[in-house]
Amino acid sequence: MQDQYRREINYLRISLTDRCNLRCIYCMPAEGVEKQHHRDILSLEEIAEIAEAAVELGINKIRLTGGEPLTRLGVTWLIKRLSALPGVREIGMTTNGILLPKMAQELKDAGLTRVNISLDTLDAARYRQITRCGTLADALAGIEAAERVGLTPIKLNAVLIGGFNDCEIPAMVELTREKPIEMRFIELMPIGDTDIFGPEAYIPVDTVLERAPELQPLPDGAPGAVAKLFALPGAKGRVGLISPISHSFCSSCNRIRLTADGFLKPCLHSSREIPLRGLHGDELRRTFAYAIGQKPEEHNVLSRTERSDAARNMHEIGG
Ligand code: SAM
Ligand code: SF4
């Protein structure tokens, strides 16, 4: 379905939970997070019903996110349901990967197409620092498990933070030489709890091209794709640069987001939310279509000081 700016909206991102087994410092406060009560979040049946309505309106790509989507009980059941919907051509997941060694095979068997795994650093001490409690070896084992069962092509997401992981750009780019992965660098967004970072943390993703000058541009990916693509000469993989701050991609935005507690967010950086809970059939489809119609032409300019208008932290929206 097209929105009022003639953008084709075909991509639904579903947050399955606001809970997480890590506590990344740019995403979630260390303490005092008020967890949504189980009764306040959509049941898996409700999510499946909303996804069905979305597919009838032209959604053909679904991504499961969170919080950490693999901590939601029944996620495999949901993937089976979603993959049986006619017209769905891709079900992806954004995960920290920690639970993949246990779950990758059942997820693949259920119909999950591929995974994006968050990996901000290749250094064990830095990994612990940024996730507050995670172990790098667990995330690396998750990546291996995804490769083994064919949840591919794998994309690795690193939030680029000046003074923290920019020194690792060459090593992270180098991962793409021998592996058919996409190493993606994402600009830190001023959303939720990022006040703890100083101005030096907000660096443009073009920094990657300065630190890895061998990278060559590739043609743009699929319509609506947010990453600008590059590759090292002769490499098996590629590098994606995602720049929500330095260049916004509103004009080609093809997505809409469902929060775990049942609200549609027409735009990540707006506080506008449309409740879907309790709606069924025509009313559900009509309200979903209305939310697509509410997508703004663009969001406000973002910078370290001009913060996102999203009224929630990232762990509640899913990125
Ligand atoms: N737990 C899963 C994970 O970490 O992949 C999925 C949810 S997480 C909120 C989704 C993505 O949002 C992750 O890649 C994370 O790095 C990114 N993210 C969270 N806060 C961010 C911020 N302030 N700026 C940029 N990206 C952010
Ligand atoms: Fe959890 Fe993902 Fe947020 Fe990290 S980025 S705290 S893994 S939801």
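Quick summary incoming for the structure in this document. Keep in mind that what you see is a predicted model, and the values were worked out from it rather than measured. (Residues numbered from 1 in each chain as written. Chains lettered and ligands numbered in written order. Predicted model: local features only at pLDDT ≥ 70, side-chain atom pairs only at ≥ 80, totals over all residues. Heavy atoms only, no water.)

1. Details of the overall build of the chain
Item 1. Counting its secondary structure elements, the chain contains 9 helices and 12 strands.
Item 2. Over its C-alpha atoms the chain spans a radius of gyration of 19 Å, differing by no more than 12% from the 20 Å that the globule rule assigns to 319 residues.
Item 3. Across the 319 residues that make up the chain, the buried fraction comes to 56%.
Item 4. For the chain, long-range pairs separated by at least 24 residues make up 73% of all intrachain contacts whose partners lie at least 6 apart in sequence.
Item 5. For the chain, the exposed surface amounts to about 13,700 Å²; the carbon and sulfur share of it is 52%.
Item 6. On the chain, the mean spot of the 39 positive side-chain charges and the mean spot of the 42 negative ones are 3 Å from each other. (Helix = DSSP H or I, 4+ residues; strand = E, 2+ residues; numbered from the N terminus. Rg over C-alpha atoms; globule rule 2.2 N^0.38 Å. Buried < 20%, exposed > 50% of the residue type's maximum accessible area, 1.4 Å probe, protein only. Contact = heavy atoms within 4.5 Å. Areas by Shrake-Rupley, 256 points an atom, 1.4 Å probe, with all protein chains shown as cover. Lys, Arg positive; Asp, Glu negative; His and termini not counted. Charge placed at Lys NZ, Arg CZ, Asp CG, Glu CD.)

2. Details of the nonpolar core
Item 1. If you look at the biggest cluster of nonpolar residues, it comprises 77 residues, and the most contacted ones within it are Leu64, Phe185 and Phe288.
Item 2. The element that contributes the greatest number of residues to this core is helix H1 (residues 44-56), accounting for 8 residues.
Item 3. In contact with Leu64, not counting residues within four places along its chain, are Ile14, Leu16, Pro69, Val75, Leu78, Ile79, Leu82, Gly92, Met93 and Thr94. (Core = buried A, V, L, I, M, F, W, Y, C linked by side-chain atoms within 4.5 Å.)

3. As for the site of ligand 2
Item 1. Cys20, Leu22, Arg23, Cys24, Cys27, Met28, Gly67 and Asn96 make up every residue found near ligand 2.
Item 2. Of the residues that constitute the shell around ligand 2, the class distribution is 5 nonpolar, 2 polar and 1 charged. (Near = heavy atom within 4 Å. Nonpolar A, V, L, I, M, F, W, Y, C, P; charged D, E, K, R; others polar.)

4. Re the packing of aromatic side chains
Item 1. Inspection of every chain in the model, using the stated rule, returns 0 aromatic pairs.
Item 2. Sitting over the face of the ring of Tyr11, Lys61 holds its NZ or CZ atom 4.3 Å from the ring centroid. (Phe/Tyr/Trp six-rings, centres within 6.5 Å; stacked < 30°, edge-to-face > 60°. Lys NZ or Arg CZ within 6 Å of the ring centre and 35° of its normal.)

5. Topic: the layout of surface pockets
Item 1. By volume, the second largest pocket amounts to about 280 Å³.
Item 2. Taken together, 17 residues make up the lining of the second largest pocket; nearest its centre are Val226, Ala227, Lys228, Ser243 and Phe249.
Item 3. Elements that contribute at least two residues to the lining of the second largest pocket include exactly helix H7 (206-211) and strand S8 (228-231).
Item 4. For the lining of the second largest pocket, the per-class residue count stands at 9 nonpolar, 5 polar and 3 charged. (1 Å grid on protein atoms, 1.4 Å probe; cavity = no way out; pocket = protein on both sides within 12 Å on 5 of 7 lines; lining within 4 Å. Points joined across faces, edges and corners; volume = space filled by probe spheres on them.)

6. A look at the site of ligand 1
Item 1. Inspection of the region around ligand 1 gives 19 residues, with Tyr26, Gly67, Glu68, Ser118 and Met189 positioned closest.
Item 2. Here Gly67 contributes a backbone N or O atom positioned 3.0 Å from a nitrogen atom of ligand 1.
Item 3. Residue Met189 places a main-chain N or O atom 2.9 Å away from a nitrogen atom belonging to ligand 1.
Item 4. Computed on the free molecule, ligand 1 has an accessible area of 550 Å², of which 95% lies beneath the protein chains in the complex.
Item 5. Going through the elements one at a time, strand S3 (90-95) and strand S5 (155-160) are the ones with two or more residues in the shell around ligand 1.
Item 6. The class makeup of the residues in the shell around ligand 1 is 7 nonpolar, 10 polar and 2 charged. (Polar contact = N/O pair within 3.5 Å; in protein donor to acceptor, adjacent residues only side chain to side chain.)

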